[in-house]
2 protein chains.
Amino acid sequence: MLRLSKLTDYAVVVLLAMAERVPEPASAGVRTSPCLAGATGVPEPTVAKVLKALSAAGLVASLRGARGGYRLMRPLEEISVADVVTAVDGPIALAACIEGAASPCEVHHSCAAKGQWQLVNDAVCAALGAISLADMREAAVPPLLRPSGRPVTSLPFSQIAE
Amino acid sequence: MLRLSKLTDYAVVVLLAMAERVPEPASAGVRTSPCLAGATGVPEPTVAKVLKALSAAGLVASLRGARGGYRLMRPLEEISVADVVTAVDGPIALAACIEGAASPCEVHHSCAAKGQWQLVNDAVCAALGAISLADMREAAVPPLLRPSGRPVTSLPFSQIAE
DNA sequence: AGCAAACAGGACTTCACAAGTCCGATTAGG
DNA sequence: CCTAATCGGACTTGTGAAGTCCTGTTTGCT
């Protein structure tokens, strides 16, 4: 179905939640997995799984030990959707015969399409790379519903919009 | 992994094979499933399955009965990758919360991303809609390797290019 | 120093979708 | 009218994602 994994979906939600302003400034932007799970509604183990992938990719930094957590490494404007997809789902490879794919096309006869998908793959990568998480945040809430400084993602948006 | 199904891959290969010139002009562009299977190397039942989907989408027309087969409805230039993907894999819906998706996002709490993915989805659709099968055919075989009139997809291209 | 909190990494179970296969319905030709 | 070849839909199988849990390590607090 040309769908990306739900983990990627969760990753975007989590990253948007991390960018929210926290009440106490002492935390310096550090959020724990249970905290983010509560803010987003995503199950806590799943949040942890997503954060591990994001940490491995360098999108967030982890602080171990008590009072540890995760912290955004870059502002939302500098994180593209392609970055998140790559971090969670691995390199973008629509077809089997794409550079970076693990199995290089086991069936050689049917591989008349070899190289052709690269064109499509590049186009999709460009499209995903052109959209930042900040763009998605803007698109998420209509301007009328977005008072300045209010944490947008903590609102029950689905009930407001629909 | 943000991958599209192998059926879509096969569909492109089959469509490219259908656009090839056939030796006898009497067939008027009608090709049977076994014929296309032999030309592409894709298993015959799979070819039949792909052609069924393409026929339902109107990309090809089916002629039943003896000496029947399938025929291209449009030239390759007027068939976009998005058309093929939609025909084989259904409507393009990267995330669960996209218009056209079957299940409308069972988890409302985590749906802070509602509406956000639409932006990404539209971008991908636009990217896929801008590429035609003719473009892919051009990209498939470098000009040096493409003598005029020679059936390109029957070449063991993977061995030549790599 | 000991305890509690939180991340890191892995393995495991469950389950849904895709992949591939088959048989019946339909139609054109002999 | 019969035969043959094809399309059409339904079915079974297998792979991969999704989600969960456990153990080990690190750090702050008491």
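Above this note sits the structure.
Parameters at a glance
- Residues numbered from 1 in each chain as written.
- Chains lettered and ligands numbered in written order.
- Predicted model: local features only at pLDDT ≥ 70, side-chain atom pairs only at ≥ 80, totals over all residues.
- Heavy atoms only, no water.
- Helix = DSSP H or I, 4+ residues; strand = E, 2+ residues; numbered from the N terminus.
- Contact = heavy atoms within 4.5 Å.
- Near = heavy atom within 4 Å.
- Polar contact = N/O pair within 3.5 Å; in protein donor to acceptor, adjacent residues only side chain to side chain.
- Pairing = 2+ DSSP bridges.
- Core = buried A, V, L, I, M, F, W, Y, C linked by side-chain atoms within 4.5 Å.
- Buried < 20%, exposed > 50% of the residue type's maximum accessible area, 1.4 Å probe, protein only.
- Expected span 1.5 Å × (residues − 1).
- Salt bridge = Lys/Arg side-chain N within 4 Å of Asp/Glu carboxyl O.

Caption draft 1: Broad picture of the overall build of chain A. If you tally the helices and strands in chain A, you get seven helices and two strands. Reading the helices (α) and strands (β) of chain A from amino to carboxyl end gives α-α-α-β-β-α-α-α-α. Once local pairs closer than 6 in sequence are excluded, the contacts in chain A between residues at least 24 apart make up 58%.

Caption draft 2: Just the protein's contact with DNA strand C, in detail. As a structural note, the neighbourhood of DNA strand C is formed by 22 residues, with Ser62(A), Tyr70(A), Lys6(B), Leu7(B) and Lys49(B) the closest of them. In the interface set of DNA strand C, defined as its atoms within 4 Å of the protein, sugar plus phosphate atoms amount to 60%. Between DNA strand C and the protein, one listed contact pairs a base oxygen with a side-chain N or O atom of Arg64(A) at 3.5 Å. At 2.8 Å, a side-chain N or O of Arg64(B) approaches a sugar or linking oxygen of DNA strand C. When contributions to the surface near DNA strand C are tallied by element, the ones reaching two or more residues are α3 (44-57), β1 (60-63) and β2 (69-72) of chain A together with α1 (6-18) and α3 (44-57) of chain B. With three residues, α1(B) is the largest single contributor of residues to the surface near DNA strand C.

Caption draft 3: Here's a closer look at the pairing of strand β1 (residues 60-63) of chain B. Residues and elements named next belong to chain B. Two elements, β1 and strand β2 (residues 69-72), share four bridges in a ladder whose sense is antiparallel. Directly across from Ser62, in β2, lies its bridge partner Tyr70. As consecutive antiparallel partners, β1 and β2 are separated by five residues, and within that stretch Gly65 has a phi angle of approximately 85°, a positive value.

Caption draft 4: Main features of the protein's contact with DNA strand D. Neighbouring DNA strand D are 21 residues, the closest being Lys6(A), Lys49(A), Arg64(A), Lys52(B) and Tyr70(B). By atom count, sugar and phosphate contribute 69% of the portion of DNA strand D lying within 4 Å of the protein. The separation between a base nitrogen of DNA strand D and a polar side-chain atom of Lys49(A) is 2.7 Å. Residue Ser62(B) places a side-chain N or O atom 3.3 Å away from a phosphate oxygen belonging to DNA strand D. Of all elements in the fold, only α1 (6-18) and α3 of chain A together with α3 and β2 of chain B reach the threshold of two or more residues within the surface near DNA strand D. For the surface near DNA strand D, the element with the most residues is α1(A), which contributes three residues.

Caption draft 5: Broad picture of the nonpolar core. Leu54(A), Leu128(A), Leu54(B) and Leu128(B) are the most contacted members of the largest nonpolar core, which has 80 residues in total. Leave out the neighbours within four places in its chain, and Leu54(A) touches Ala11(A), Leu15(A), Leu59(A), Val60(A), Ala87(A) and Val88(A).

Caption draft 6: Here's a closer look at α1(A). The end-to-end C-alpha distance of α1(A) is 18 Å, a good match for the 18 Å that 13 residues give at a rise of 1.5 Å each. When you tally the buried positions in α1(A), you get eleven out of 13 residues, the bulk of the element.

Caption draft 7: Representation of the pattern of salt bridges. Residue and element names in this part refer to chain B. One pass over the structure, following the stated rule, counts two salt bridges over all chains. Note that Arg137 is salt-bridged to Glu77, the shortest N-O span being 3.5 Å. A residue pair is termed long-range when its members are at least 10 positions apart, and Arg137 in helix α6 (residues 133-140) and Glu77 in the loop between β2 and α4 (81-89) qualify at 60 residues.

Caption draft 8: Quick peek at the side chain of Ser132(B). Note that Ser132(B) resides in the loop between α5 (116-129) and α6. Look past the residues within four positions of Ser132(B) in its chain and what remains in contact with it is Leu76(B), Glu77(B), Ile79(B) and Ser80(B).

Caption draft 9: A look at the environment of Met73(B). Residue and element names in this part refer to chain B. Tracing the chain through its elements places Met73 in the loop between β2 and α4. The exposure class of Met73 is partly exposed, given its relative accessible area of 46%. Excluding residues within four positions of it along the chain, Met73 makes contact with Gly58, Leu59, Val60 and Ala61.

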